[in-house]
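Below, each chain spelled out in residue letters.
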Amino acid sequence: MWHVILLGLVGGMGLLLYGMTIMSEGLQKIAGSKLRQVLSSLTHNRFSGLLVGSLVTILFQSSTATTVILVGLTSAAVISLRQTLAVILGSDIGTTVTAQLIALKVTEIALPIVGIGATIIFFSKRDKYRRYGQVLMGFGLMFLGLKIMSEVMMPLRDNPFFPQMMANMSKFPLLAMFVAAIFTFLIHSSAAAVGIIMLMGMQHLIDLHAAIYLLFGANIGTSFTAILSSLGSTREAQRVAVAHLVFKLSGVLLMLPFVGPFEKLIEKLSTSPAYQVANVHTIFNIAIAVVFLPFIPQFARLLERIVPEKQGEKKFKPRYLDQSLIKTPSIALGLATKEIIVLWDYVMDMTKSIAAIFEKNDLSLLQQVNKTEDKVDILYRETSEYLTSLLRQPLSRPEFLKCMGLINIVNDLEHIGDIIEKNVTYLAQCKIDGQCNFSEEGWDEISIMHKRVCDLMQMANTSLVTSNREMAAKVIKLQVEIEKMERHLRVLHIHRLRIGTQESETSSSTHLDLINALLQISVHTRNIAMEIANENLEMSASGERLDMTAIASGSGY
């Protein structure tokens, strides 16, 4: 008998967790493009933050997942600590929805829901409807897993050992809370843990008194995963994780002296074991929100004392990338874009410094460029790896195209950095060592071209920040003018050589190589603009991306 029960519990648990996973993925694909925007814009007010936290947790079916996302967003400085506190309280309320659905015996219609979801997935040709089918199928599998576990638990009621062991939980409340906390941490889902506690109550394997302590432990255990995910993150992110743990611990400590009266209140509300357990979970989390919501500013200051700022020099690393958010592509793509903008700022600084290096013959500026290039290399490597990891996740078509476009943008920015570090700085070093100067006319021409290239990069940067495809198309058109300018400057330089201008003769190689380097920078900037202009466009009939160079030169722009 025991091996049948064990296999049934393992299989049911597998279906439950898998159902939660695919349901969460489907809901993220449906609402994912707005998820980051909602979290960052609708959480300034504590009450709207509470509502957002509840709704997002219903999507993820786990307050643990919501808190991990909040840790990542806070680490990336997308939202502040005070904004996250209300969302955390709301996420705890959101987990109670699953418990109430179990009490309503949704498990009895789990198989039809799975069937409907599977039918939509297999017979629908549009991704939009397939996602809805995925959500339904995940929802059904989740409750099918609970149904299987409920059925295999039934023989345990007739076994004298198991009911006696569960009865002892009431006598050792700390042990009950510890076991439930560890179990919840291991499966990374408070909703699943609460569902199992409800099943044991429905099968009369535990009484309400034991269930209360097990629920307290499950609520504490759900905060451990966020603590682990915050290790190595910013202090602000660590405060978010600690906040979730402190909320839960404080709530349990406040409730422990009143377990007896609380138990009597729950018994008066309902005689059904399922509703009793569900109501314990719901009332406990609503009570925590009611108690702590008015004191969020004071609580934030307390967290700043509990987790103070680090002292000492910080190692340079990406600011926005967060591995814990890889499984939330809509948010991860937004964070990667913000990191690319930081990378672009460094590359822009390197490009702007070109004129000063050649004009002042300053070696210290060369050293500064090399230091900046080191930062560019770090951001390039980390961002590329982050986006590559993101490609391994289940992405919608627009998300996949966006990710590929960002990878191409990162590569072009790295190429610009390499051109400046390897070519331009070498030319500057040769000019300084050879003590040669450009002719006055030649330097004026280089300065004008350099300014045009910097303006082009700034325009492309703005088009990325604002998602302005028209501006990106304009960058593509303007780059053609820079190509013409480069050819014209070569002709002018050769003309000066013909008439015997001394400075042009001594600096000829450096002059021509420098304008060629500026041209290559403009080419990579044009490539970036093409990716921005191409964003969200459909593939052509041949499967290739549309040619934005042709589009930009047409009447559409």
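Colleague: Run through the overall build of the protein, naming residues and quoting values.
Modeller: Each helix and strand in the protein was counted, giving 24 helices and zero strands. The buried share among the 557 residues of the protein stands at 53%. Working note: accessible area of the protein is about 25400 Å², and carbon and sulfur atoms make up 60% of it.

Colleague: Any chance you could break down the pattern of salt bridges for me, citing the residues and the numbers?
Modeller: Counted under the stated rule, the structure contains six salt bridges. The salt bridge partner of Lys 451 is Asp 455, with a shortest N-O separation of 3.0 Å. Pair noted here: Lys 451 and Asp 455 are both in helix 20 (residues 440-466), with a separation of four residues, about one helical turn. The salt bridge involving Glu 486 is made with Arg 490; its shortest N-O contact spans 2.5 Å. Residue Glu 486 and its partner Arg 490 are located together in helix 21 (residues 469-498), separated by four residues, close to a single helical turn. For Arg 490, a relative accessible area of 28% corresponds to the partly exposed category.

Colleague: Break down the packing of aromatic side chains for me, with residues and values.
Modeller: Under the definition given, this model contains six aromatic pairs. When the centroid spacing of 6.4 Å and the interplanar angle of 85° are considered together, the rings of Tyr 213 and Phe 216 count as edge-to-face. On the criterion of helical spacing, the pair formed by Tyr 213 and Phe 216 is a turn pair, its members being three residues apart in helix 11 (residues 208-221). Exposure class is identical for Tyr 213 and Phe 216. Each is buried. Members of the aromatic cluster, joined through ring pairs, are Tyr 213, Phe 216 and Phe 284.

Colleague: Can you explain the packing of helix 17 (residues 329-360) against helix 18 (residues 363-391)? Please cite residues and give values.
Modeller: At a minimum axis separation of 10 Å, helix 17 and helix 18 run at an interaxial angle of 160°. Comparing their axes, helix 18 and helix 17 come out roughly antiparallel. The handedness of the crossing between helix 17 and helix 18 comes out as left-handed.

Colleague: Could you give an account of the packing of helix 17 against helix 23 (residues 508-534), with specific residues and numbers?
Modeller: As a packed pair, helix 17 and helix 23 sit with axes 13 Å apart at the nearest point and diverge in direction by 160°. What the angle tells us is that helix 17 and helix 23 run roughly antiparallel. Crossing of helix 17 against helix 23: the hand is left-handed. Contacts from Trp 344, Ile 354 and Phe 358 in helix 17 reach Thr 510, Leu 514, Leu 518, Ile 521 and Ile 528 in helix 23. When the residues that make up the contact of helix 17 with helix 23 are grouped by side-chain class, the tally is seven nonpolar, one polar and no charged.

Colleague: For helix 16 (residues 296-306), give the residues involved together with the corresponding values.
Modeller: When helix 16 is considered as a whole, its buried residues turn out to be Ile 296, Pro 297, Phe 299, Ala 300 and Leu 303. Looking straight down helix 16, one finds its buried side chains confined to an arc of 160°; they lie on one side.

Colleague: Describe the environment of Gly 145, with residues and values.
Modeller: Locating Gly 145 in the fold gives a position in helix 7 (residues 127-153). For Gly 145, a relative accessible area of 0% corresponds to the buried category. With 131 residues separating them in the primary sequence, Gly 145 and Gly 14 have C-alpha atoms 7.2 Å apart. Contacts of Gly 145, omitting those with residues within four sequence positions, involve Gly 12, Leu 15 and Leu 16.

What counts and how
Residues numbered from 1 in each chain as written. Predicted model: local features only at pLDDT ≥ 70, side-chain atom pairs only at ≥ 80, totals over all residues. Heavy atoms only, no water. Helix = DSSP H or I, 4+ residues; strand = E, 2+ residues; numbered from the N terminus. Buried < 20%, exposed > 50% of the residue type's maximum accessible area, 1.4 Å probe, protein only. Areas by Shrake-Rupley, 256 points an atom, 1.4 Å probe, with all protein chains shown as cover. Salt bridge = Lys/Arg side-chain N within 4 Å of Asp/Glu carboxyl O. Phe/Tyr/Trp six-rings, centres within 6.5 Å; stacked < 30°, edge-to-face > 60°. Axes fitted to C-alpha atoms, helices over the stretch in contact; angles between N-to-C directions. Parallel < 35°, antiparallel > 145°, perpendicular 65-115°, else oblique. Left-handed = near helix turned anticlockwise from the far one by under 90°. Contact = heavy atoms within 4.5 Å. Nonpolar A, V, L, I, M, F, W, Y, C, P; charged D, E, K, R; others polar. Arc of directions from axis to C-beta.

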